[in-house]
Amino acid sequence: MTPEGAGQDVDEHRADRMQAALPVVVATLRRVVQDLELTDDELHAVLGFLGEVARADELVLLSDVLGISRVVDDQTHAATAGTPSAVLGPFYLPGAPFIDNPGSIVRAGESGPDGAIDARGSGLVITGTVTDAASAAPIPGAVLDVWQADGAGTYSNEDPTLPSWHLRGRQVADGAGGYRIATLAPSHYTVKHDGPVGRLLAAAGRHPWRPAHIHFLVTADGYDTLVTQVYVADGPYLDDDAIDDVKDALIRPIEAGILRFEIGLRAARGARS
Ligand code: BEZ
Ligand code: FE
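Keep in mind that this is a model prediction, so the values were computed, not measured.

Caption draft 1: Looking closely at helix 2 (residues 40-55). Here helix 2 is 16 residues long and its end C-alpha atoms lie 23 Å apart, about the 22 Å a rise of 1.5 Å per residue gives. Phi turns positive, to about 60°, at aspartate 57, one or two residues after helix 2.

Laid out in structure tokens, this is it:
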């Protein structure tokens, strides 16, 4: 099929989905409005709020805290095998530098804009093997892109005093599919809550905290890309994540400064036997 033909198929699929979806969305919204007996003033308050969320660039955050991102992620990656997925979140930066294997993503101590900075957090090693989820065969050459908050709950792109790639990096799995990354233990942290979404959380009596976690984006030829997070066992908010993204299968303990996280990838459609 020509690229133009493929593009046309995508457009037609979208148009079909739109035609099927709109009546469902409209009927559901009308029912909510009727059930709640929404008044004119309340409708305008809701519309004004959504405008504010859009102007503050918080639409994705709204979807996150309403748990919609989680549900869509589950539906998109309904895997029968392999490591479960998790949302990408707003702190991913593409193009992180490659580190050795084994290697370190701790860049504190290197020169930041304000000179050398201290590392915040205790030392941690994350390690495991990337395998084919169906056959358990190792996947040498898989690329792990990792990013996380530090022991104070801060990502490098939130704090201009931190070196730009602090606690971020890409590593290539070795000949046995193994990876080993020295880092700092992450802390729990709050999602952005100084804008309209924060007001919504407060009005609903909800907190903005996420449990401590490390993000992974794992790619390998012939496999579906995996976006996931590993959650540190025994920390706060595992049962009460502000974006409801924790899955039991992604919680791992830190033992003697090591967190083991085995990663199973699903063969890409067409490559599956
Ligand atoms: C995160 O884990 O980085 C994240 C995900 C969704 C909203 C805010 C933060
Ligand atoms: Fe995060």
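Caption draft 2: Just the coordination of the iron ion (ligand 2), in detail. Note on the iron ion (ligand 2): its protein donors are Tyr155 (OH), Tyr189 (OH), His213 (NE2) and His215 (NE2). The metal-donor distances range over 1.9 to 2.2 Å. What the 6 donor atoms of the iron ion (ligand 2) show is an angle range of 54 to 166° at the metal, which sorts the shape as irregular. Here the donor residues for the iron ion (ligand 2) map to a single chain with the spacing Y-x33-Y-x23-H-x1-H. Taken together, the residues span a long stretch of sequence, with tyrosine 155 in the loop between strand 5 (143-148) and strand 6 (168-172) and histidine 215 in strand 10 (residues 213-219) at a distance of 60 residues. Look at tyrosine 155 and you get buried, because its relative accessible area is 0%.

Caption draft 3: The site of ligand 1, seen in detail. All residues adjacent to ligand 1 are Asp64, Gly89, Pro90, Phe91, Tyr155, Tyr189, Val191, Arg210, His213, His215 and Ile243. Residue arginine 210 places a side-chain N or O atom 2.6 Å away from an oxygen atom belonging to ligand 1. Considered on its own, ligand 1 offers 260 Å² of accessible surface; in the complex 98% of this is hidden by protein. Residues belonging to the shell around ligand 1 are distributed by class as follows: 6 nonpolar, 3 polar and 2 charged.

Caption draft 4: Here's a closer look at the packing of helix 2 against helix 5 (residues 196-203). Put simply, helix 2 and helix 5 touch, their axes get as near as 8 Å, and they point 130° apart. Regarding the angle of helix 2 to helix 5, the classification is oblique. Here Phe49, Glu52 and Val53 of helix 2 lie close against helix 5, whose contacting residues are Pro196, Val197, Arg199 and Leu200. Of the residues assigned to the contact of helix 2 with helix 5, the class counts are 5 nonpolar, no polar and 2 charged.

Caption draft 5: Fine view of unusual backbone geometry. In the segment running from asparagine 101 into proline 102, the intervening peptide bond is cis, with an omega of 0°. Its location among the elements puts proline 102 in the loop between helix 4 (68-76) and strand 1 (103-104). The phi torsion at aspartate 57 lies on the positive side, around 60°, for a residue other than glycine. By the secondary structure assignment, aspartate 57 is in the loop between helix 2 and helix 3 (59-65).

Caption draft 6: Seen up close, the pairing of strand 7 (residues 178-184). The element strand 7 is extensively covered by neighbouring structure, given that 5 of its 7 residues are classed as buried. With 2 bridges joining them, strand 1 and strand 7 adopt parallel strand pairing. Paired with serine 104 across the strands is alanine 182, a residue of strand 7. Bridging between strand 4 (residues 123-132) and strand 7 involves 7 bridges; their strand directions are antiparallel. Residue pairing across strands places threonine 129 opposite glycine 178, the latter belonging to strand 7.

Caption draft 7: Just the pattern of salt bridges, in detail. Applying the stated criterion across every chain, the model contains 10 salt bridges. Here glutamate 52 and arginine 199 are joined by a salt bridge, their closest N and O atoms 2.8 Å apart. Placement of glutamate 52 in helix 2 and of arginine 199 in helix 5 is noted, with a sequence separation of 147 residues between them. Judged by relative accessible area, which is 46%, arginine 199 ranks as partly exposed. Note that aspartate 73 and lysine 247 form a salt bridge whose closest N and O atoms lie 3.9 Å from each other. Linking aspartate 73 in helix 4 with lysine 247 in the loop between strand 11 (226-232) and strand 12 (251-252), this pair joins segments that are 174 residues apart in sequence. The exposure classification of aspartate 73 matches that of lysine 247, with both residues buried. Each of Arg70, Asp73, Asp74 and Lys247 takes part in one network of salt bridges that share partners.

Caption draft 8: Looking closely at the pairing of strand 10. The buried count for strand 10 comes to 6 of 7 residues, which makes it a mostly enclosed element. Bridging between strand 5 and strand 10 involves 6 bridges; their strand directions are antiparallel. When the bridges of strand 10 are listed, valine 146 appears paired with phenylalanine 216. Pairing analysis gives 6 bridges linking strand 10 to strand 11, with the strands arranged antiparallel. Within strand 11, the position partnered with leucine 217 by the bridge is valine 227. As consecutive antiparallel partners, strand 10 and strand 11 are separated by 6 residues, and within that stretch glycine 222 has a phi angle of approximately 85°, a positive value.

What counts, and at which threshold
Residues numbered from 1 in each chain as written. Chains lettered and ligands numbered in written order. Predicted model: local features only at pLDDT ≥ 70, side-chain atom pairs only at ≥ 80, totals over all residues. Heavy atoms only, no water. Helix = DSSP H or I, 4+ residues; strand = E, 2+ residues; numbered from the N terminus. Expected span 1.5 Å × (residues − 1). Donors = N, O, S within 2.8 Å, 3.2 Å for Na, K, Ca; no water. Tetrahedral: all angles 85-135°; square planar, octahedral: opposite > 155°, others 65-115°. Buried < 20%, exposed > 50% of the residue type's maximum accessible area, 1.4 Å probe, protein only. Near = heavy atom within 4 Å. Polar contact = N/O pair within 3.5 Å; in protein donor to acceptor, adjacent residues only side chain to side chain. Areas by Shrake-Rupley, 256 points an atom, 1.4 Å probe, with all protein chains shown as cover. Nonpolar A, V, L, I, M, F, W, Y, C, P; charged D, E, K, R; others polar. Axes fitted to C-alpha atoms, helices over the stretch in contact; angles between N-to-C directions. Parallel < 35°, antiparallel > 145°, perpendicular 65-115°, else oblique. Contact = heavy atoms within 4.5 Å. Pairing = 2+ DSSP bridges. Salt bridge = Lys/Arg side-chain N within 4 Å of Asp/Glu carboxyl O.

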